[in-house]
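# Remarks on the overall topology
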Amino acid sequence: MREALSLAQRAASEGEVPVGAVVVLDGQVIGRGYNTPIGGHDPTAHAEIQALRAAAAAIGNYRLAGATLYATLEPCVMCTGAIQHARIARVVFGAMDPKTGACGSVVDLFAEVRLNHHAVVQGGILAEASIALLRQFFQDRRRRSDS
């Protein structure tokens, strides 16, 4: 999770919403990502998607069975869908997202029995650090827009 936080800081330094993610398989980080939708002009360039793409490329398979995804923010519906398709076994995240979270805050796609894959989810890990990064980013953004 600390590596995901470091990636979130990198996103913030590039003017992106500070979210970072890593995929771990057998104790090794196989995928890293951070938010780049603004700079990349890509609405799918969330940290989780970037980490999933890197992990799939690293092992040569889009199915990441047995892997854990760590993210600094609760994944959204798009990312949760991708996590399900990748067959990630476990999702660990920092801050809850009361506006778009799809792991329990707004909806819980992993609890939807009609869907065919269900990851184990654990939230609140290093939540304070994740929240602090987000809060600072948006305070800075508001301050710049007021100037």
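Residues numbered from 1 in each chain as written. Predicted model: local features only at pLDDT ≥ 70, side-chain atom pairs only at ≥ 80, totals over all residues. Heavy atoms only, no water.

### With respect to the overall build of the chain
Where we set the bar: Only runs of H or I of at least four residues qualify as helices and only runs of E of at least two qualify as strands under DSSP, and these elements are numbered from the N terminus. The globule rule is 2.2 Å times the number of residues to the power 0.38, and the radius of gyration it is compared with is taken over C-alpha atoms. When accessible area is computed with a 1.4 Å probe and restricted to protein chains, residues below 20% of their type maximum are described as buried, those above 50% as exposed, and intermediate ones as partly exposed. In this analysis, two residues are considered to be in contact whenever any of their non-hydrogen atoms come within 4.5 Å of each other. In this charge count, Lys and Arg are treated as positive and Asp and Glu as negative; neither His nor the chain ends contribute. Charge coordinates come from a single atom per side chain, which is NZ of Lys, CZ of Arg, CG of Asp or CD of Glu.
Counting secondary structure elements, the chain contains 5 helices and 5 strands. Starting at the N terminus and ending at the C terminus, the chain contains elements arranged as α-β-β-α-α-β-α-β-β-α. In terms of overall dimensions, the chain is globule-like: its C-alpha atoms have a radius of gyration of 15 Å, near the 15 Å expected for 147 residues. Viewed in the frame of its principal axes, the chain has a C-alpha envelope of about 50 × 30 × 25 Å. Burial statistics for the chain: of 147 residues in total, 44% are counted as buried. When contacts within the chain are restricted to residue pairs at least 6 apart in sequence, those whose partners lie at least 24 apart make up 54%. In the chain, 14 side chains carry a positive charge and 13 a negative one; their mean positions are 1 Å apart.

### Focus on the pattern of salt bridges
Stated formally: Every case where a carboxyl oxygen of Asp or Glu lies within 4 Å of a side-chain nitrogen of Lys or Arg is listed as a salt bridge.
Applying the stated rule across the entire model yields 4 salt bridges. One salt bridge in this structure joins glutamate 112 and arginine 114, with 2.6 Å as the shortest N-O distance. Across the salt bridge formed by arginine 143 and aspartate 140, the nearest N and O atoms sit 2.5 Å from each other. Residue arginine 143 and its partner aspartate 140 are both found in helix H5 (residues 127-146); the two are separated by 3 residues, about one turn of the helix. The class of aspartate 140 is partly exposed, set by a relative accessible area of 24%.

### Here we look at the side chain of aspartate 97
Position of aspartate 97 among the secondary structure elements: in the loop between strand E4 (90-95) and strand E5 (120-122). Buried charge without a salt bridge: aspartate 97, with lysine 99 as the nearest opposite-charge side chain at an N-O distance of 7.4 Å. Here aspartate 97 is in contact with Leu73, Glu74, Ser105 and Val106, once residues within four sequence places are set aside.

### With respect to the side chain of histidine 117
We count it as follows: We call two N or O atoms a polar contact when they sit within 3.5 Å, provided that within protein one can donate a hydrogen and the other can accept it, with sequence-adjacent residues counted only if both atoms are side-chain atoms.
Within the secondary structure, histidine 117 is located in the loop between E4 and E5. From its side chain, histidine 117 meets the backbone oxygen of isoleucine 88 in a polar contact 2.7 Å long. Beyond its immediate sequence surroundings of up to four residues, histidine 117 is in contact with Ile83, Gln84, Arg87, Ile88 and Phe110.

### Remarks on helix H4 (residues 77-86)
Along H4, the residues classified as buried are Cys79, Thr80, Gly81, Ile83, Gln84 and Ala86. Count one or two residues on from H4 and you reach arginine 87, which has phi positive near 65 degrees.

### Some words on the packing of helix H3 (residues 47-59) against H4
In plain terms, the rule: Comment: axis = line fitted to C-alpha atoms, over the contacting stretch for helices; angle = value between 0 and 180 degrees taken between N-to-C directions. Here roughly perpendicular refers to angles of 65 to 115 degrees, roughly parallel to angles under 35, roughly antiparallel to angles over 145, and oblique to all remaining angles. Helix crossings get a hand from a simple test, with the near helix turned counterclockwise from the far one by less than a right angle marking a left-handed crossing and a clockwise turn marking a right-handed one. Under this grouping Gly is polar, as are all residues other than the nonpolar Ala, Val, Leu, Ile, Met, Phe, Trp, Tyr, Cys and Pro and the charged Asp, Glu, Lys and Arg.
With their axes 9 Å apart at the nearest point, H3 and H4 run at an angle of 20 degrees to one another. Judged on the interaxial angle alone, H4 and H3 are roughly parallel. The way H3 lies across H4 gives a crossing that is left-handed. Here H3 contributes Glu48, Ile49 and Leu52 to the contact with H4, which in turn contributes Met78, Cys79, Ala82, Ile83 and Ala86. Looking at side-chain class alone, the contact of H3 with H4 contains 7 nonpolar, no polar and 1 charged residues.

### Focus on the sheet that holds strand E1 (residues 20-25)
Two pairing modes exist for strands in a sheet, parallel and antiparallel, and in both the strands are linked by backbone hydrogen bonds. To keep it simple, the criterion reads: The pairing criterion is simple: DSSP has to find at least two bridges between the two strands.
The strand order across the open sheet formed by 5 strands is E2-E1-E3-E4-E5, and the pairing between neighbours is mixed. Each of the sheet's edge strands pairs with one partner strand only, and the pair in question is strand E2 (28-34) and E5. Averaged over all pairs of adjacent strands, the angle between strand axes in this sheet comes to 15 degrees, irrespective of strand direction. In the packing of H5 onto the sheet, the strands contacted are strand E3 (68-73) and E4, and the crossing angle to E4 comes to about 55 degrees.

Geometry only, nothing functional implied.
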